[in-house]
Amino acid sequence: MATTSRGRIDKRQAILEGAFAVFARLGYAQACVQDIADEAGVAKPTVYNHMTDKATLFRNAMEAAAQTALNERRAALEPLADPGGDLRATLVSVAGELLRLHTDERSCALRRLLYSEALRFPDVLDIVKESGPHRLNQALADRLARLALAGRLRADDPDVAAEQFMALLIGPLEARSQMGTRTIPAGELQDVAGAAVDTFMKAWSTDQSC
């Protein structure tokens, strides 16, 4: 029974990943269930056994992609649990990883699909929001609050600090990426990370020699 259940979960995961890949490549209107079945390596009836129709498949694929993105970003915050003696260096490393994740192919595809299908699927905005920036900001605020308790950051408002940190990171990307049409080199992302952290530290660090 456990093997059967595991196999069903694995097939569902393969279908969701295949669906997202096809929707990202072709768009919702041009994608068909057979394309998704081929991408996932399953039979077409298997897709329907897991998802009732293409619209349901789209919603679930978007939710799964957003959750995966959130999990990766939460993992990127882990160094802040024990940042060591050089807080700025740790923040720059975390910021660089967050920027890399924000500009990877899946994240860009997720945003493109949200923008292009917002009128057809207005509810998907709420679905993705459940695993979106708000959840990441909460996780970051928790890390910053712990740093404030340790006396390394000002203790005014960790939620505001997290919001400002992310704004300093994400804000420059739209212009630099020319609204997602230009790949930003790794070195340029690191420059954005460093500049964002320097501004953040001036506002929030208790050590103003930073």
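Described in the following lines is the structure provided in the data block.

Topic: helix α8 (residues 133-149)
For α8, with 17 residues, the first-to-last C-alpha span of 24 Å sits near the 24 Å given by 1.5 Å per residue. Those residues of α8 not exposed but buried are L136, N137, A139, L140, A141, R143, L144, L147 and A148. Those residues of α8 hidden inside the fold are in contact with α4 (54-76), α5 (87-102), α9 (158-170) and α11 (186-204). After α8 finishes, the residue G151 shows a positive phi value of roughly 85°.

A short note on the packing of α4 against α5
In the contact formed by α4 and α5, the axes pass within 9 Å of each other and the chain directions differ by 165°. Overall, the two elements α4 and α5 adopt an arrangement that is roughly antiparallel. The way α4 lies across α5 gives a crossing that is right-handed. Residues E72, R73 and A76 of α4 lie in contact with α5, whose contacting residues are V94, E97, L98, L101 and H102. In terms of residue class, the contact of α4 with α5 is built from 4 nonpolar, 1 polar and 3 charged.

A few points about the nonpolar core
Of all hydrophobic cores here, the largest spans 34 residues; its most connected members are L91, L98, L140, L144, F165, L169 and F200. Only α4, α5, α8, α9 and α11 provide two or more residues apiece to this core. One finds I15, Y28, M51 and F121 within the second-largest nonpolar core, a separate group that totals 29 residues.

Examining the packing of aromatic side chains
Geometry of an aromatic ring pair is reported as the spacing of the ring centres plus the angle between the planes. A full pass over the atoms with the stated rule returns 7 aromatic pairs. Ring centres of Y28 and F121 lie 4.9 Å apart, and the angle between their planes is 75°; this geometry places the pair in the edge-to-face category. In this pair, Y28 is assigned in the loop between α1 (2-26) and α2 (33-40) and F121 in the loop between α6 (105-117) and α7 (122-129), connecting sequence segments 93 residues apart. The same class applies to Y28 and to F121, which are both buried.

Cut-offs used in this document
- Residues numbered from 1 in each chain as written.
- Predicted model: local features only at pLDDT ≥ 70, side-chain atom pairs only at ≥ 80, totals over all residues.
- Heavy atoms only, no water.
- Helix = DSSP H or I, 4+ residues; strand = E, 2+ residues; numbered from the N terminus.
- Expected span 1.5 Å × (residues − 1).
- Buried < 20%, exposed > 50% of the residue type's maximum accessible area, 1.4 Å probe, protein only.
- Contact = heavy atoms within 4.5 Å.
- Axes fitted to C-alpha atoms, helices over the stretch in contact; angles between N-to-C directions.
- Parallel < 35°, antiparallel > 145°, perpendicular 65-115°, else oblique.
- Left-handed = near helix turned anticlockwise from the far one by under 90°.
- Nonpolar A, V, L, I, M, F, W, Y, C, P; charged D, E, K, R; others polar.
- Core = buried A, V, L, I, M, F, W, Y, C linked by side-chain atoms within 4.5 Å.
- Phe/Tyr/Trp six-rings, centres within 6.5 Å; stacked < 30°, edge-to-face > 60°.

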